[in-house]
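Take a look at the letters that make up each chain.
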Amino acid sequence: FNWYYGVGGGLGSVDFPNIPGIDDEGGLFIFAAGDIGVEYKFGIPLLLSLDFRPEVGLLGYDGFSDNFDFDIGLGVRYTF
């Protein structure tokens, strides 16, 4: 098993359809994120990884949620 960690961030854009009575049209957003995970390489050319990514919003459009949030990811890779 190999453990890894890091920090980073992101910049994104979202555009919602025009819905009567809702003023949120979307826009740009910026967030900070961390990453911690573990990976395992098998004896064959296959690597599996599991990531945990905490995120917090920094700036965003009117309806942007800047609460603490997290994502979880599973990776399957073919290695040479």
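Described in the following lines is the structure provided in the data block. Residue numbers here run from 1 along each chain, matching the order of that chain's written sequence. Given that the model is predicted, a residue must reach a pLDDT of at least 70 before its local features are reported, and side-chain atom pairs must reach 80 or more before they are shown or counted; all residues, however, enter totals for whole chains, interfaces and linings. Remark: hydrogens and water are excluded; side-chain values derive from all non-hydrogen atoms of the structure.

**Section: the environment of alanine 33**
By the criteria applied, helices consist of DSSP H or I runs no shorter than four residues and strands consist of E runs no shorter than two, each listed in order from the N terminus. By secondary structure assignment, the location of alanine 33 is in strand β2 (residues 26–41). When the C-alpha atoms of alanine 33 and aspartate 71 are compared, they prove to be 10.0 Å apart, with 38 residues separating the residues in sequence.

**A word on the pattern of salt bridges**
Here, a salt bridge means any side-chain nitrogen of Lys or Arg that lies within 4 Å of a carboxyl oxygen of Asp or Glu. This model, assessed by the stated rule, comprises two salt bridges. For the salt bridge of glutamate 39 with arginine 77, the shortest nitrogen-to-oxygen distance reads 4.0 Å. A residue pair is termed long-range when its members are at least 10 positions apart, and glutamate 39 in strand β2 and arginine 77 in strand β4 (residues 68–78) qualify at 38 residues. With a relative accessible area of 18%, glutamate 39 lands in the buried category. Between glutamate 55 and arginine 53 there is a salt bridge, with the nearest N and O atoms lying 3.6 Å from each other. Accessibility here uses a 1.4 Å probe with only protein chains present; expressed as a share of the type maximum, an area under 20% marks a residue as buried, one over 50% as exposed, and anything in between as partly exposed.

**Comments concerning the sheet that holds β4**
Whether two strands pair depends on DSSP finding at least two bridges between them. Pairing is antiparallel in the open sheet, where four strands are placed in the order β1-β2-β3-β4. Of all strands in the sheet, those bounded by a partner on one side alone are β1 (2–15) and β4. Neighbour to neighbour, the strand axes of the sheet diverge by 25° on average, direction disregarded. Pairing geometry for strand β3 (residues 46–60) and β4, over 11 bridges, is antiparallel. Among the inter-strand pairings, proline 54 is bridged to a residue of β4, identified as phenylalanine 70. Axes here mean lines fitted to C-alpha atoms, for a helix over just the part in contact, with angles spanning 0 to 180 degrees between N-to-C directions.

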